[in-house]
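# Close look at the chain arrangement
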Amino acid sequence: MSRYKDGVVFLQQIKSGSIVSGDFKIKRGSNILMDLDLKNIKFKNFTMLGADFCSSIFSNCMFDNVLFKDSALMGVTFDNCNFIECKFSNVQPGFSIKDCGVSGLIITQESF
């Protein structure tokens, strides 16, 4: 059994509370996470692999020890968010970060 949860579980966590944690892996080509409007959510000890968040908005969210890897963030807006010890690895560019606090954010494109 995989240690990763899927996009359906991710959406359930968002709807059921304000804290999301754990490891998630989204099936390639899935658009289940596109065009979301995510507000006041704390992502803590959180890993997201392969997600397509295109055109989503994160408002007033906190990202604490978070990894986005091999994910699409084209057109994504992070507005008034806080980043603490986070990493974006091999993410599709084209996202914007505005009015955010940053205490550790690494953005890399790693080769395999």
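Structure's up top.
Residues numbered from 1 in each chain as written. Predicted model: local features only at pLDDT ≥ 70, side-chain atom pairs only at ≥ 80, totals over all residues. Heavy atoms only, no water.

## Digging into the side chain of Ser-59
How we decide: Think of it this way: any DSSP run of H or I at least four residues long counts as a helix, any run of E at least two long counts as a strand, and we number them from the N terminus. Residues are treated as being in contact if the distance between any of their heavy atoms lies within 4.5 Å.
With respect to the secondary-structure elements, Ser-59 resides in strand β4 (residues 57-59). Apart from the residues lying within four places of it in its own chain, the contact partners of Ser-59 are Leu-38, Lys-39, Asn-40, Asp-79 and Cys-81.

## Thoughts on the sheet that holds strand β6 (residues 77-79)
Heads up, the condition is: Paired strands, in this sense, are two strands between which DSSP finds at least two bridges. Only C-alpha atoms enter the line fits that serve as axes; for helices the fit covers just the stretch in contact. Angles between N-to-C directions range over 0 to 180 degrees.
Read across the open sheet, the four strands follow the order β2-β4-β6-β8; overall the sheet is parallel. Bordering the open sheet on either side are β2 (37-39) and β8 (96-98), each of which pairs with just one other strand. Direction aside, the axes of adjacent strands within the sheet are offset by 10° on average. Pairing between β2 and β4: three bridges, direction parallel. Bridge pairing in β4 places Lys-39 opposite Ser-59.

## Some thoughts on the sheet that holds strand β9 (residues 101-108)
The strands that make up a sheet are held in pairs by hydrogen bonds between backbone atoms, and each pair lies either parallel or antiparallel. Overall, parallel pairing links the five strands, which are arranged β1-β3-β5-β7-β9 in an open sheet. A single partner strand is all that each edge strand has here, and the edge strands are β1 (19-25) and β9. Strand-to-strand twist of the sheet, defined as the mean angle between neighbouring strand axes without regard to direction, takes the value 5°. As judged from the six bridges shared by β1 and strand β3 (residues 42-49), these two strands associate in the parallel manner. Within the sheet, the bridge partner assigned to Lys-25 lies in β3 and is Leu-49.

## Focus: the layout of surface pockets
For clarity, the cut-off: Think of a 1 Å grid over the protein atoms and nothing else: a 1.4 Å probe that fits but is trapped marks a cavity, an open set flanked by protein within 12 Å on at least five of seven lines marks a pocket, and residues with an atom within 4 Å of a point count as lining. Grid points are joined across faces, edges and corners, and a volume is the space filled by probe spheres set on the points. Note on residue classes: Ala, Val, Leu, Ile, Met, Phe, Trp, Tyr, Cys and Pro are nonpolar, Asp, Glu, Lys and Arg are charged, and everything else, Gly too, is polar.
For the largest pocket, the calculated volume is near 180 Å³. If you trace the largest pocket, you find 13 residues lining it, with Ile-26, Arg-28, Gly-50, Ala-51 and Asp-70 closest to the centre. Residue classes in the lining of the largest pocket are distributed as four nonpolar, four polar and five charged.

## Observations concerning unusual backbone geometry
At Asp-35, a position not held by glycine, the phi torsion is positive, near 60°. Along the chain, Asp-35 turns up in the loop between β1 and β2.

## Notes on the pairing of strand β7 (residues 82-89)
Sheet topology note: the strand β5 (residues 62-69)/β7 ladder contains six bridges and is parallel. Looking across to β7, one finds that Phe-68 is bridged to Phe-88. Relative to β9, β7 runs parallel, the two sharing seven bridges. What sits directly across from Cys-86, in β9, is Leu-105.

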